[in-house]
Amino acid sequence: MLSPRTPAFQMTTQPGVLVRGGLPGAVREHYRKNNLAVASPPIVLDLSPGADVKPFFITPG
């Protein structure tokens, strides 16, 4: 519990999208060469602007 004397803090959030299989092949290969386990499929957090609507524009194209 926070004491009444503890000042409130501001929580900063940033929108993002989780992308299944979004790990680039070069990064996946680097992990494999260094014996680092990667989940199958890897899930990557995409923080780029418009990441939430990007699949809807790429798929029809």
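None of these values were measured; they are calculated from a predicted model.

Student: How should the pattern of salt bridges be read in this particular structure?
Tutor: Once their charged atoms are close, side chains differing in charge can pair, the charge on each being opposite to the other. Applying the stated criterion across every chain, the model contains 1 salt bridge. Between R32 and E29 there is a salt bridge, with its nearest N and O atoms 2.4 Å apart. Linking R32 with E29, this pair stays in helix α1 (residues 25-33), spanning 3 residues, or about one helical turn. We classify R32 as exposed; its relative accessible area is 52%. According to the relative accessible area criterion, E29 is partly exposed, its value standing at 31%.

Student: Is there a simple way to explain the environment of A51 in this structure?
Tutor: Take A51: it is sitting in the loop between β2 (43-46) and α2 (54-58). Judged by relative accessible area, which is 6%, A51 ranks as buried. A51 sits 20 residues away from Y31 along the chain, and the two C-alpha atoms are 25 Å apart. Non-local contacts of A51, meaning those with residues more than four positions away in its chain, are made with V17 and D46.

Student: Which parts of the structure should I look at to understand unusual backbone geometry?
Tutor: The bulk of non-glycine residues show a negative phi, and the bulk of peptide bonds are trans. Residues S40 and P41 are joined by a peptide bond in cis, for which omega reads -10°. Backbone geometry at N35 places phi at a positive 55°, although glycine is not the residue there. Take N35: it is sitting in the loop between α1 and β2.

Reading guide: rules and limits
Residues numbered from 1 in each chain as written. Predicted model: local features only at pLDDT ≥ 70, side-chain atom pairs only at ≥ 80, totals over all residues. Heavy atoms only, no water. Salt bridge = Lys/Arg side-chain N within 4 Å of Asp/Glu carboxyl O. Helix = DSSP H or I, 4+ residues; strand = E, 2+ residues; numbered from the N terminus. Buried < 20%, exposed > 50% of the residue type's maximum accessible area, 1.4 Å probe, protein only. Contact = heavy atoms within 4.5 Å.

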